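This is what each chain is made of:
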Number of protein chains: 2
Amino acid sequence: MVNPEVIPAGHGVGLRLRRGEQIRLIDPHGGQSGDLLAFSHDGAERLSNGCTFDYGGKIYLSTGDVLWSDRSNPMLTIVADAVGRHDFLYSSCSIEMYRMQYGVTEYYANCYDNLCSAMRELGLEPAPLPTAFNFFMNVEIAADGRLIIAPPKSRAGDSMILRAEMDLAIALSACPASGCNGGGATGPLAFEVIR
Amino acid sequence: MVNPEVIPAGHGVGLRLRRGEQIRLIDPHGGQSGDLLAFSHDGAERLSNGCTFDYGGKIYLSTGDVLWSDRSNPMLTIVADAVGRHDFLYSSCSIEMYRMQYGVTEYYANCYDNLCSAMRELGLEPAPLPTAFNFFMNVEIAADGRLIIAPPKSRAGDSMILRAEMDLAIALSACPASGCNGGGATGPLAFEVIR
C-alpha cells in the first residue's frame, strides 16, 4: 500500500475517480465506519440504495456487488472486502440527528455537512443528499424489522476496494457518531486511489 | 367512506394536504401496491427512508410509526393500517427498470415518471427522486439480506390512513409492475382526503 491519505476523525474529503480506477477504503485502527457518496462526474446521476437493492436483490453488499445510480447505471463494484458488513439503510448523521439523539446544543461535526462540503469543493451541488454507502457500519435487522446498530466488524488495517464503473465524484466522511463506532471515541479513516 | 377518488391502473395523481388532514389509501380489489411520495409544501423537505429507519429504529412501518423528512421533521404518521406490511427499501419502478428486468423496448408506464409528473403538476421539481413509501408492497428480508418481493397482503377494500404532520405535497402512483402485485394484471388504487 503506497502512502494512503488520512481522513481525520470527524472530517470529510472529496476526490474524483475515472472509470476503471479503484479506491481502497481503510480503517487504520479498527471499529470505525464511514460514509461514501458517489455522483457521476457532472452530478446528473447519484448513488441510489433503492436501485442497488432492486438490481442486486440483497440488502448486504460485499465482494462482487454493484452500487447503482438513480438512473440505473453501475457506479461502483466492490472488488475486495476484508470486512464483509456495511450499511446502506441509514441516512447520514446530521446536526438534527445529534440534537435529537445525542442532546447536542452547539454545532457538531456530521457526515451530512462533510459530504455536502466535499461535493461542493468538487463543484457539484449535493442537496438533497441521497443515502450514502455506510462502509464498515454494522446494522443488524431483526426478524420483525427492528434495527440494531452494532460495532463495526473492521479490525485495524482492514480495507475494501471499489472500482469505478463510470467517471465519478466521490465524497467520504469519517463518521463522528459514537453510536456507529462501538460507543467510544471516533477515529480516522484512510484511502488510496489505485490508478 | 365518502366518494373515494380512483387512481387508474398504472397512473399517478398529485394532491396537497394541510397539517392535521388525513389521507386514506385504499386497495379496491386487493393485491395492488402503490408509491407515495411526500414533499413539504414548498419542496424544501422531502420524504427520507434513511431518517425514518434511524428515528423509528425499524424497517417495517405500521400504525403509530412516523415517516420523516430528510431534514429530520415528521411528515406523516400512520394512524390506521389494515394491511400491516409495506416497503420503504425499493426505488420506484422506472423505464430503465422495465428495460432491464422485463425486457421492455417501448415506453412503459412507471412510478418514477408518474410521481415526477404529479409533483410537477403541483409546481414542484421532483428530481432527484427520493425513495417513495411503497404502501402495500410486500418485501421479505432473508437472514442473509436477500430480498424477496412477495404478493401484497392487502385484500379487497383494505386501507391505511396517514395524518399530515406538516403542510404537504403528495404524489401517488398505482404501481404498474406485475412483480410487485402478485404477478398478474395490475389494478387501480383509490384514496380519500379526510379534512
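Student: Tell me about the overall build of chain A, and please be specific about residues and values.
Tutor: Broken down by element type, chain A carries three helices and 12 strands. Counting only C-alpha atoms and orienting by the principal axes, one finds that chain A spans roughly 40 × 40 × 35 Å. Looking at chain A residue by residue over its 195 residues, the buried ones come to 58%. Contacts in chain A between residues far apart in sequence, at least 24 positions, make up 76% of those at least 6 positions apart.

Student: Would you mind going over the pattern of salt bridges in detail, with residue names and values included?
Tutor: With the rule as written, the count across this model stands at 18 salt bridges over all chains. A salt bridge links Arg71(A) to Glu96(B); the shortest N-O distance between them is 2.6 Å. Of the two residues, Arg71(A) is situated in the loop between β5 (66-68) and β6 (74-81) and Glu96(B) in helix α2 (residues 95-102); the pairing between them involves two chains. Assessed through its relative accessible area of 18%, Glu96(B) is described here as buried. Here Arg163(A) and Glu165(A) are joined by a salt bridge, their closest N and O atoms 2.9 Å apart. Using a relative accessible area of 21% as the deciding quantity, one classes Glu165(A) as partly exposed.

Student: Account for the relation of the copies chain B and chain A, naming residues and giving values.
Tutor: When chain B is brought onto chain A, the operation consists of a screw motion whose angular component is 180° and whose axial shift is 0.0 Å, with 0.0 Å RMSD remaining. A rotation of that kind, with that shift, is consistent with a two-fold axis. Residue by residue, 100% of the interface of chain B is reproduced at the interface of chain A, so both copies engage with the same surface.

Student: I'd like to hear about the pairing of strand β2 (residues 12-17) of chain B, residue by residue, with values.
Tutor: Residue and element names in this part refer to chain B. Of the two faces of β2, the one holding Val 13, Leu 15 and Leu 17 is buried and the one holding Gly 12, Gly 14 and Arg 16 is not buried anywhere. Relative to strand β11 (residues 168-174), β2 is paired through six bridges, and the arrangement is antiparallel. Bridge pairing in β11 places Gly 12 opposite Ser 173.

Student: Please provide a residue-by-residue account of the sheet that holds β6(A), values included.
Tutor: All names here are of chain A. With antiparallel pairing, six strands are arranged side by side in an open sheet as β1-β12-β3-β10-β6-β5. Each edge of the open sheet is held by one strand with a lone partner, namely β1 (5-7) and β5. Each strand axis lies, on average, 25° off the axis of its neighbour in the sheet, ignoring direction. Pairing of β1 with strand β12 (residues 189-194) involves three bridges; the strand directions are antiparallel. Bridging across to β12, Ile 7 finds its partner in Leu 189.

Rules behind the numbers
- Residues numbered from 1 in each chain as written.
- Chains lettered and ligands numbered in written order.
- Predicted model: local features only at pLDDT ≥ 70, side-chain atom pairs only at ≥ 80, totals over all residues.
- Heavy atoms only, no water.
- Helix = DSSP H or I, 4+ residues; strand = E, 2+ residues; numbered from the N terminus.
- Buried < 20%, exposed > 50% of the residue type's maximum accessible area, 1.4 Å probe, protein only.
- Contact = heavy atoms within 4.5 Å.
- Salt bridge = Lys/Arg side-chain N within 4 Å of Asp/Glu carboxyl O.
- Least-squares fit on C-alpha atoms with pLDDT ≥ 70 in both.
- Pairing = 2+ DSSP bridges.
- Axes fitted to C-alpha atoms, helices over the stretch in contact; angles between N-to-C directions.

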